[in-house]
Every structure is written in structure tokens, then in C-alpha cells.
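Chain and residue survey
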Amino acid sequence: MEQVNGDTLAAARKVIAVHINYPSRAAQRGRTPAQPSYFLKPSSSLALSGSPVERPAGCELLGYEGEIALVIGKAARRVRIEDAWSHVAAVTASNDLGVYDLRWADKGSNLRSKGGDGFTPVGPALLPADAVDPSKLRIRTWHNGDLVQDDTTGDLLFPFARLVADLSQLLTLEEGDIILTGTPAGASVAKPGDVLEVEVETIDGALTTGRLVTTVEEGTTAFADFGAQPKVDDLQREEAYGSREAAGLTPEAEAAVGPALPPELKAKLESVATATLSSQMRKRGLNNVSIDGLQGTRPDRRVVGLARTLRYVPNREDLFKTHGGGFNAQKRAIDSVNEGEILVMEARGEKGTGTVGDILALRAQVRGAAAIITDGGVRDYTAVAGLDMPTWFANPHPAVLGRRHIPWDTDITIACGGATVQPGDIIVADSDGILVIPPAIAEELVEDCIAQEREETFIFEMVQQGNSVDGLYPMNKEWQAKYKEWGGQADD
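So, a few notes on the structure that sits alongside this text. (Residues numbered from 1 in each chain as written. Predicted model: local features only at pLDDT ≥ 70, side-chain atom pairs only at ≥ 80, totals over all residues. Heavy atoms only, no water.)

**Remarks on the overall build of the protein**
What the protein contains, in helices and strands, is 15 helices and 29 strands. The C-alpha radius of gyration computed for the protein amounts to 29 Å, which surpasses the reference 23 Å derived for 492 residues by more than 25%, pointing to a less compact arrangement than a globule. Taking the principal axes of its C-alpha atoms as reference, the protein extends roughly 105 × 50 × 35 Å. A buried classification covers 50% of the 492 residues belonging to the protein. Residue pairs at least 24 apart in sequence account for 77% of intrachain contacts in the protein once pairs closer than 6 positions are excluded. Accessible surface, the protein as shown: approximately 21,700 Å² in total, 51% of it carbon and sulfur. A distance of 4 Å separates the average location of the 49 positive side-chain charges in the protein from that of its 70 negative side-chain charges. (Helix = DSSP H or I, 4+ residues; strand = E, 2+ residues; numbered from the N terminus. Rg over C-alpha atoms; globule rule 2.2 N^0.38 Å. Buried < 20%, exposed > 50% of the residue type's maximum accessible area, 1.4 Å probe, protein only. Contact = heavy atoms within 4.5 Å. Areas by Shrake-Rupley, 256 points an atom, 1.4 Å probe, with all protein chains shown as cover. Lys, Arg positive; Asp, Glu negative; His and termini not counted. Charge placed at Lys NZ, Arg CZ, Asp CG, Glu CD.)

Given below as C-alpha cells:
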């Protein structure tokens, strides 16, 4: 099968893209066009499979859209619909990339936002047009290995032949020209380090383009001040991610967990041992407040912070399609964790896949998270363990999230390692274990812990001097009197 190569790109004098063509995308956008509409992309935006694409410096929203590309085989001018397909030489996979940060400056042309170098990768193989039924093709897109777009051409708003015929009424389609035929629902935003893959195949699987692979890199050269600068708002975020929910713009997603942990209370909690906290909670009848069975990447570290929560549900393929891709719950949780907070993940104790990897863990650290706690696996263990921010986890595992999990929702009551955790609970974690402290009792609890540890310091000194523990541990009235003389505050 012929491969897309440099000659293919050089032959394309025009790249024409359709705005909306899949019913799923129209439903997502909330508008269904009566007629097709188009925009031009420069031929210099074309790139081969395996080429990196740069998210320009200062930009936030590099959108991706998996699409089927038509390659014109012979010139078409004022052709009829029934003749139009004969002017197509081949179909292949494409990715209509663009930065929403510059849409404001384009006034509908998409030149700046979608015309960047490398913003139209195509390939890797060409499927001969005469060997495929244009109404029986499948388009799929993967984002970091997760399937995020999956649709067919059976119910397009505007079949491919109609696009060719329509365009030819006003302009000549020349040999080598490329037409991008629209994207289905599921298009979203990619970040530096992400890998995007697009594949086109016949529904029966007999012919495939193979996966078109594009890796996103971070740009390092800022825009000059004599041109338009990147600028985004919540409307552009919603458009880029596909919905307000996916962009983390719903009231629930935007709501803060609550007030920050008071510095004085935090300092006191840091000063007392986890074992002391556990014993004082046990005195209050709280026996099920430890997150069990996890190991930490930084056994030398002790962290105290407020809980943010994330829940995974078992993978189900149809639901992963709608909830697994784009700016999903996992990424929203990572991208909204605040300074000093601890992200706690419910993974049902499922150890057969990763629930966080190096890039997302790094993002949490950059945002100032105190720690990540998951009762599932960790990918990229060496890199995660190398971060200053500690992570507690069940075990390392190389598999991606979608093998076993769907990221479902955030900042709700969850279960992790056998304990119930609510947003705003106080988490204390170190090499002795992980405790969940209800915030309502924290002030009283920590004062009692400080008093207990002062008593234990006295008892330790007495034992060190050779005294028996009988009557000393716990202290009887005689020892309580001695403790008061020592400088402690004996119980009444």
C-alpha cells in the first residue's frame, strides 16, 4: 500500500477543511449546519506521521481533531455529485490541529489558529479511493493510548462526494489537494508530552491507514509583540475541550473544597506522631480512619493537608469513550489541586494498571500538591519516585489507565485503602501510615495528642532512669503527681 511521503505533501497546493460534518460533533456543538462550510489551511502546515508538533510558547489550548482526509487525484471543476468520487485518488488519516488561544485574532479564518507548521499531519498510508466505500469508513483517535474518538462515515451530514462537488462549483480542485472532512465528537486538548494517534480503516477492517502518530512538544520561542498574542477565556476552553464539564467549568468543578488548613493547626498536626493521632481517634471511637496497604515514594517525608478526591469506576468501553478522553476527571483533579492539598484516588484496590504517571504527578507537584494517594497502581515509577512530592500507592504497574479504569468524578466522598475520605478531610501521612481526620475534631484532637506526647516523654525519661513500667505506664496517681512536679499537667 502506498505511503504518504514528502512528494504527497509537496503535491498539495491547497488544504481545505470542513467545519462540522459528523452528527455527534454537531450535537456537541449545539448546531447543525444546513450546508457545508470550509476554511483553508496552508500547505506548509502538512506533516508526516511521526513528526512532532509544537504547542506555541504562551499557548494553553492546542486542540486536536482526528479526521479523514481526501486526496484529489484529478482536477475537478463544476462536477456533479455522482461523478465527484472519481476525482478522489485516496483517503488517509489526518489530525486537524490548532491553538484556540489565537482564534480571537482570526475572525473566522482560522489562519493563525490552525495554520501553524505541522498543524496538519497526514498518513501514514493511502487507501485507494476505488478500493473503499466512502460511506463505510471508520475514524478513531487515541490520546496517550486512550481511545477518545470513534465514529463512522455512515451518517455524515455531508457525504464526501457532496463536499468535492460543492467545492468544485467555485474553485478548481487540483491534483494533490487535500480535503479534511470533519471530526466526530471527542476532540479535545493535548499538552506537551502527549501522544496523539489517528487511524482510518474500512469498517470490515480489511484496509487501514495505520496509525498517524504525532507527539506534542512545548514551544520555546515567544510571539513577537508586533502581532496577535495568545489569549483564552472560558468560552474558548469550553470549545476546545468539547463541553464546560470537560473543561472543568461547571460550578461543582470550580467550587473550592473549603478554607485552607490553618497554619497553626497544620504545624501542630505535623508535630505529633501518627501513632498518637491514631490512639486519640480510637479513644473517640474512630477505628476505621486509616488508609491501609500502601507504600510511599518518600518514606522520609511527612505530609499534612486537606483532601481532594477522585473516583475511578471499572472500565466499560462505551463509557470510557464518553468519559475517558479529553480533559477528563483525572486531569481536572490534577489540574485543580491547590497548594498544600492532597489528592486521594479511589481505584478500588485495583493493582492491574496505573492510576497516575510521571507527567500528571509532576503537574500536581508544580501546582503545589502536598501528596498523591492512590490505592491503585503507579506508572513510570522511577520518575514518580524521583519527584520531591511523595506519592502513596499499591504497586508499580506499566499499563495505562484505560485498561481497568474510567476517571469518573471529583471532590466527592470516596473509599481509598479501606477508609472513607471526604473532600476537606485532613490527611496525615508518613512512614507509619496514613490517617483521615475529620476536620471538626482536629483542634481538640491535636491538643490531646500534644498532651499525650508530653506525658510519654516523661514516662520515657523515667524508664530510662531504671523505673518499672508498673504504675508508670499508664501513670497512677503517684506518678501523675511526680509528672506535675516534672512540669507536666496531670489529669484531674
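There is more to say after this.
**Looking at helix α11 (residues 329–336)**
Buried residues dominate α11, accounting for seven of its eight residues. Among the residues making up α11, those that are buried are A329, Q330, K331, R332, A333, I334 and D335. Sitting at the amino-terminal end of α11 is N328, which places a side-chain oxygen 3.1 Å from the backbone nitrogen of Q330. (Polar contact = N/O pair within 3.5 Å; in protein donor to acceptor, adjacent residues only side chain to side chain.)

**Points about the sheet that holds strand β12 (residues 178–180)**
Spatially, the seven strands line up as an open sheet ordered β2-β1-β12-β6-β7-β9-β3, and their pairing is mixed. The open sheet is flanked by β2 (38–41) and β3 (46–48), the only strands paired with a single partner. For this sheet, the mean inter-axis angle between neighbouring strands, taken without regard to orientation, is 35 degrees. The sheet contact formed by strand β6 (residues 66–72) and strand β7 (residues 88–95) spans seven bridges and is antiparallel. Bridge pairing in β7 links G66 to N95. (Pairing = 2+ DSSP bridges. Axes fitted to C-alpha atoms, helices over the stretch in contact; angles between N-to-C directions.)

**So, the side chain of T181**
For T181, the location among the structural elements is in the loop between β12 and β13 (188–190). In this structure T181 comes out as buried when scored by relative accessible area, which is 0%. A polar side-chain atom of T181 sits 2.6 Å from the main-chain carbonyl oxygen of I68. In this structure, T181 is in contact with V18, N21, Y22, E67, I68, L70, F160 and L163, ignoring residues within four places of it in sequence.

**Some words on the packing of aromatic side chains**
The relative placement of two aromatic rings is captured by the distance of their centres and the angle of their planes. In total, this model carries six aromatic pairs according to the counting rule given. Ring centres 6.1 Å apart and planes at 65 degrees place the aromatic pair F458 and W479 in the edge-to-face group. You can see F458 sitting in helix α14 (residues 442–464) and its partner W479 sitting in helix α15 (residues 477–486), a full 21 residues away along the chain. For the pair F458 and W479, a shared accessibility class is recorded, and that class is buried. Members of the aromatic cluster, connected to one another through ring pairs, are F458, W479, Y483 and W486. Sitting over the face of the ring of W104, K231 holds its NZ or CZ atom 4.0 Å from the ring centroid. (Phe/Tyr/Trp six-rings, centres within 6.5 Å; stacked < 30°, edge-to-face > 60°. Lys NZ or Arg CZ within 6 Å of the ring centre and 35° of its normal.)

**A short note on the sheet that holds strand β5 (residues 62–64)**
Read across the open sheet, the three strands follow the order β8-β5-β13; overall the sheet is antiparallel. What marks the edges here is a single partner per strand, and that holds for β8 (98–99) and β13. In terms of strand pairing, β5 meets β8 through two bridges, oriented antiparallel. The residue bridging G63 from the neighbouring strand is G98, located in β8.

**Observations concerning the packing of α14 against α15**
Running from N to C, α14 and α15 cross one another at 100 degrees; their axes reach a closest spacing of 11 Å. Regarding the angle of α14 to α15, the classification is roughly perpendicular. Here A451, R454, E455, T457, F458, E461 and M462 of α14 come into contact with α15, specifically with W479, K482, Y483 and W486. Per-class residue counts for the contact of α14 with α15 are six nonpolar, one polar and four charged. (Parallel < 35°, antiparallel > 145°, perpendicular 65-115°, else oblique. Nonpolar A, V, L, I, M, F, W, Y, C, P; charged D, E, K, R; others polar.)

**Things to note about the nonpolar core**
The biggest cluster of nonpolar side chains holds 31 residues, and the ones touching the most others in it are I68, L70, W85, V91, F160 and L173. For this core, the secondary-structure elements that each account for two or more residues are β1 (15–18), β6, β7, β10 (137–143), α5 (160–168) and β14 (195–202). Sorting elements by how many residues they give to this core places α5 first, with six residues. With residues near it in sequence (within four places) discarded, L70 still touches W85, V88, A90, V91, F160, V164, D177, I178, I179 and T181. (Core = buried A, V, L, I, M, F, W, Y, C linked by side-chain atoms within 4.5 Å.)

**Structural notes on the pairing of β7**
Along β7, seven of the eight residues are buried, which leaves the element largely enclosed by surrounding structure. Both β7 and strand β9 (residues 120–128) contribute to a ladder of four bridges, which runs antiparallel. Across the sheet, residue V91 finds its bridge partner in β9, namely L127.

**Section: unusual backbone geometry**
The omega angle of the peptide bond from G123 to P124 is 0 degrees, so this bond is cis rather than trans. Its place among the elements puts P124 in strand β9. With omega at 5 degrees, the peptide bond leading from Y473 into P474 counts as cis. By the element assignment, P474 lies in the loop between α14 and α15. The residue N110 is not glycine, and still its phi comes out positive at about 65 degrees. In this fold, N110 is placed in the loop between β8 and α4 (111–114). Although it is not a glycine, R348 sits at a positive phi angle of roughly 65 degrees. By secondary structure assignment, the location of R348 is in the loop between β19 (342–346) and β20 (354–356).

**Some words on the environment of G98**
Tracing the backbone through its elements, the reader meets G98 in strand β8. The sequence separation of G98 and G118 amounts to 20 residues, and the corresponding C-alpha distance is 9.8 Å.

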